[in-house]
Amino acid sequence: MATIEPVLEEIVYSRPESLAECATHYCPGCTHGVAHRLIAEVIDEMGLREKMIGVASVGCSVFAYNYFDFDWVQAPHGRAPAMATGVKRVLPDKVVITYQGDGDMASIGMGEIVHAAARGENISVFFLNNANYGMTGGQMAPTTLPGQKTTSSPAGRDVELAGYPIRASELLSTLDGASYIVRRSMHDAKNIRLAKKAIRMAFETQIRGLGFSMVEILSICPTNWGIDPNQALTWMAEKMVPYYPLGDYKITEAVKQIRV
Amino acid sequence: MARELIKGNEAIAEAAVRAGLHAYFGYPITPQTELLEWMSRRMPELGRAFVQAESELGAINMVYGAACTGARTMTSSSGPGMSLMMEGISYIVATEVPAVLVDVMRGGPGLGNISPAQSDYNQIVHGGGHGDYNMIVLAPANVQEAIDLTVECFDLAEKYRTIAVLLLDGSLGQLMEPAELPPMMPVRETFPAWAATGAEGRKRNILTSIHLNPPDQEMTNLRLLQHWQAVEANEVRFKEYFMDDARFAVIGYGSAGRVALSAVRAARAEGIPVGLLRPISLNPFPTQVIAKLAERIDAFLVTEMSTGQMLEDVRLAVANRRPVEFYGRMGGVVPFPDEILDEIRRLSKGPLSLEGHPRNRWLARMTGAN
């Protein structure tokens, strides 16, 4: 006589295969962990793990490679797009990503990112913008908002002295070589889902050989902003999103044809 | 294969191509630009990687990325560009991945000029980048040697998983000589086990230069140094001319050594018992060879196209047991053999002193201060 075993538990949520098992070094509330997970989920869903080569940058995500269970190299500050170019040109059939913060990419690495995009380098860039230098303790970044207080703009960013923030997605979208440039945010569940979709599109762009893709992801830095994670999410939605509007800045016709 | 008339820069480029170069990344700078131009034509037609980078910073980091796959990769530049590459050089050596660099030296410091000089010796041989590290440095004196050492640079870089630099001055980059190129080697199809190539059926490979835990960094420093000791033990290269019965020795590398050879020949015709030691590996430096020579040679003359950078390495080896004199031209000025012949005559006549610094005596002569 057959018996029906009752299902007592079912695993509905687990660590993606592409994420390594290790304790986080990111601060409580930091959205790097969410971004890591989204990237890993997409890699799992697309079955790309064994084809991946990540290029880590310098900043809080300097140890990004600890969290992902695939091959990584570690670039000097700002040079990840150049290093990724070297990897990708030798191994064009592999999938090459960079994971960079705003200090790394939009300041010291501006030359490398602009020219990688202009060349239409077939790599995917994940650009985490949290409006300050997190790792060194919250100094003013090129993305710091006018008036925003940081440890190197203690009275608030004075645009007369320190100039204006750089909107990297808008800037890179002017380049003919760029194929997919979008900005997303992590301030609520809906936007996190939209960010994941964009990450998927960046990978889809690369594996089809359609050229340079970048997803800018607005992120929070509660520790250096000096507020708790919930307040940080609100601040991001209310202050950062208006200055850095979410949206699609460049999607070529070929990328638009992609159906996932 | 037949000898053909070929320009130094182009000979180096083609030698690298034939050594199975997989990826070249560079940026234009005189006097090495023909090398980049040659690669821009040859690499794409062979289906290999070529990128004209946005800067030397870009170029060296593209090399870094390609080197992390274990592919044969190289870049080339000249002084001001090498300065920009110092960042990446430090990272590449720290990560223990192989790469080949070519520095075609010009007059400096600053923008200087585009004429030949040996002004980057300290920067390349003694390290211009941050942290404790060494690179293998080979210095050719003619186009054939430049070809042969280019091929050797790739083998050495891979053997010791470090950077091998071909160091030459602008005149050797620009001059044409008959030379024989090596046979064509294909690009290797396989990649080393340590490389970042995608973790297919194996554990992940992580290539990094960061060791936040000080004892880990210290262990890395010790490992790098132990590897370097193997280089020092096995890879010293030099060439001697007329040294068997020499009482005086001229020491010069690259073009300065080549000019000195003409002077030594002329001095021999005058009956002066002088020979030439031409260091080929500048790092590791033939210290022991010079130390041994100091036991039987009466006096040394160091000649360089700089203000005396290698001079200090010679002085360390001689250890003040014999007089050392110096003759340098710089700023893009190449010495004539007659100038060095005059110095050899002066050396052979004496009197010479162990007191003072040879650079000071030379500077006084150069500026007429004595």
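These figures come from a predicted structure and were not determined experimentally.

Tallying secondary structure elements over chain B gives 13 helices and 15 strands in all. Projecting the C-alpha coordinates of chain B onto the three principal axes gives extents of approximately 70 × 50 × 40 Å. Counting only residues that meet the buried cut, chain B has 53% of its 370 residues in that class. For chain B, the proportion of contacts with a sequence separation of at least 24, taken over those separated by at least 6, is 79%.

The next point concerns the sheet that holds strand β15 (residues 324–328) of chain B. Residue and element names in this part refer to chain B. Strand order in this open sheet of 5 strands is β10-β12-β11-β14-β15, and the pairing throughout is mixed. The open sheet terminates on both sides in strands that have one partner only, identified here as β10 (238–241) and β15. Strand-to-strand, the axes of this sheet are offset by a mean angle of 20°, without reference to chain direction. Note: β10 against strand β12 (residues 274–279), 4 bridges, orientation antiparallel. When the sheet's bridge partners are listed, Tyr-241 is paired in β12 with Leu-276. On top of the sheet, helix α11 (residues 310–318) reaches β11 (248–251), β14 (299–304) and β15; it is set at about 160° to β14, its chief contact.

If you look at the interface, chain A gives 28 residues, while chain B gives 34 residues. In terms of residue count, helix α3 (residues 80–90) of chain A provides more of the side of chain A that touches chain B than any other element does, 8 residues in total. Pairing between strand β2 (residues 71–74) of chain A and strand β9 (residues 206–207) of chain B: 2 bridges, direction parallel. Considered in β9(B), the bridge of A:Val73 is made with B:Leu207.

Attention shifts here to helix α8 (residues 214–234) of chain B. Taking 1.5 Å per residue as the helical rise, α8(B) with its 21 residues ought to reach 30 Å, and the 31 Å between its terminal C-alpha atoms agrees with that figure. Counting buried positions along α8(B) yields 2 of 21 residues, so the element is predominantly exposed.

For the rest of this paragraph, the subject is the sheet that holds strand β5 (residues 178–185) of chain A. Taken in spatial order, the 8 strands make up an open sheet running β7(A)-β5(A)-β6(A)-β4(A)-β3(A)-β1(A)-β2(A)-β9(B), and their pairing is mixed. Edge strands, defined here as strands with exactly one partner in the open sheet, are β7 (247–251) of chain A together with β9 of chain B. Both strand β1 (residues 52–56) of chain A and β2(A) contribute to a ladder of 4 bridges, which runs parallel. Bridge assignment links A:Val55 to a residue of β2(A), and that residue is A:Val73. Against the sheet, helix α8 (residues 189–207) of chain A engages β3 (95–101), β4 (124–129), β5 and β6 (212–218) of chain A, with an angle of about 165° to β5(A).

Locating A:Arg119 in the fold gives a position in the loop between α5 (110–118) and β4. A:Arg119 sits 35 residues away from A:Pro154 along the chain, and the two C-alpha atoms are 39 Å apart.

Next up on the list: helix α10 (residues 229–243) of chain A. Quick reminder: α-helices carry 3.6 residues per turn. Residues three or four places apart thus point the same way. Residue and element names in this part refer to chain A. In this model, α10 (15 residues) spans 20 Å end to end at C-alpha, consistent with the 21 Å of a helix rising 1.5 Å per residue. At Met-236, α10 is deflected by roughly 35°, the largest bend along its length. Those residues of α10 not exposed but buried are Ala-232, Leu-233, Met-236 and Met-240. Residues of α10 that are buried in the fold lie against β5, β6 and α9 (222–225).

Residue and element names in this part refer to chain B. When the domains of chain B are assigned, the result is domain 1 (4–197 + 205–234) and domain 2 (238–366). One C-alpha centre belongs to domain 1, the other to domain 2, and the line joining them spans 28 Å. The partner domain 2 presents 22 residues to the 27 residues of domain 1 that form the contact. Of all the secondary structure elements, the ones that give two or more residues to the side of domain 1 that touches domain 2 are α5 (121–125), β6 (136–138), β7 (163–169), α7 (170–174) and α8. The residue makeup of the side of domain 1 that touches domain 2, split by class, is 15 nonpolar, 9 polar and 3 charged.

Next up on the list: the environment of B:Ile6. Residue and element names in this part refer to chain B. Checked against the element boundaries, Ile-6 lands in strand β1 (residues 4–7). Sequence-wise, Ile-6 and Gly-20 are 14 residues apart; in three dimensions their C-alpha atoms are separated by 20 Å. In contact with Ile-6, not counting residues within four places along its chain, are Ala-11, Val-143, Met-176 and Ala-179.

Our focus in this paragraph is the packing of helix α1 (residues 32–46) of chain A against α8(A). Residue and element names in this part refer to chain A. One can describe the packing of α1 onto α8 by two numbers: an axis separation of 9 Å at closest approach and a directional angle of 50°. On the basis of their axis angle, the class for α1 and α8 is oblique. Pair α1 / α8 crosses with right-handed handedness. Within the contact between the two elements, α1 uses Val-34, Leu-38, Ile-39, Glu-41, Val-42 and Met-46 and α8 uses Ile-192, Ala-195, Lys-196, Ile-199, Arg-200 and Phe-203. Tallied by class, the residues present in the contact of α1 with α8 amount to 9 nonpolar, no polar and 3 charged.

The side chains of a regular strand alternate between the sheet's two faces. Residue and element names in this part refer to chain A. Counting buried residues along β3, 7 of its 7 residues qualify, which places the element largely inside the surrounding structure. Because side chains alternate across β3, one face comprises the buried residues Val-95, Ile-97, Tyr-99 and Gly-101, and the other comprises Val-96, Thr-98 and Gln-100, equally buried. Bridge analysis of β1 against β3 gives 5 bridges, and the strand direction is parallel. What sits directly across from Ala-56, in β3, is Tyr-99. When β3 meets β4, the two strands line up parallel, connected through 5 bridges. Bridge assignment links Thr-98 to a residue of β4, and that residue is Val-125.

Moving on: the pairing of strand β4 (residues 73–77) of chain B. Residue and element names in this part refer to chain B. Counting buried residues in β4 gives 5 out of 5 residues, a clear majority hidden from the surface. Here β4 shows two buried faces, one formed by Thr-73, Thr-75 and Ser-77 and the other by Met-74 and Ser-76. Here β4 runs beside strand β5 (residues 99–105); their pairing, made up of 4 bridges, is parallel. Residue pairing in the sheet places Ser-77 in a bridge with Asp-103 of β5. For the handedness criterion, the β-α-β arrangement of β4, helix α4 (residues 79–95) and β5 is classed as right-handed.

Basis of the calculations
Residues numbered from 1 in each chain as written. Chains lettered and ligands numbered in written order. Predicted model: local features only at pLDDT ≥ 70, side-chain atom pairs only at ≥ 80, totals over all residues. Helix = DSSP H or I, 4+ residues; strand = E, 2+ residues; numbered from the N terminus. Buried ≥ 20, exposed ≤ 12 C-beta atoms within 10 Å, placed from the backbone. Contact = placed C-beta atoms within 7 Å. Pairing = 2+ DSSP bridges. Axes fitted to C-alpha atoms, helices over the stretch in contact; angles between N-to-C directions. Expected span 1.5 Å × (residues − 1). Bend = angle between axes of the 7 residues up to and from the residue. Domains from an automatic or database assignment. Nonpolar A, V, L, I, M, F, W, Y, C, P; charged D, E, K, R; others polar. Parallel < 35°, antiparallel > 145°, perpendicular 65-115°, else oblique. Left-handed = near helix turned anticlockwise from the far one by under 90°. Right-handed = clockwise from strand over helix to strand, strands pointing away.

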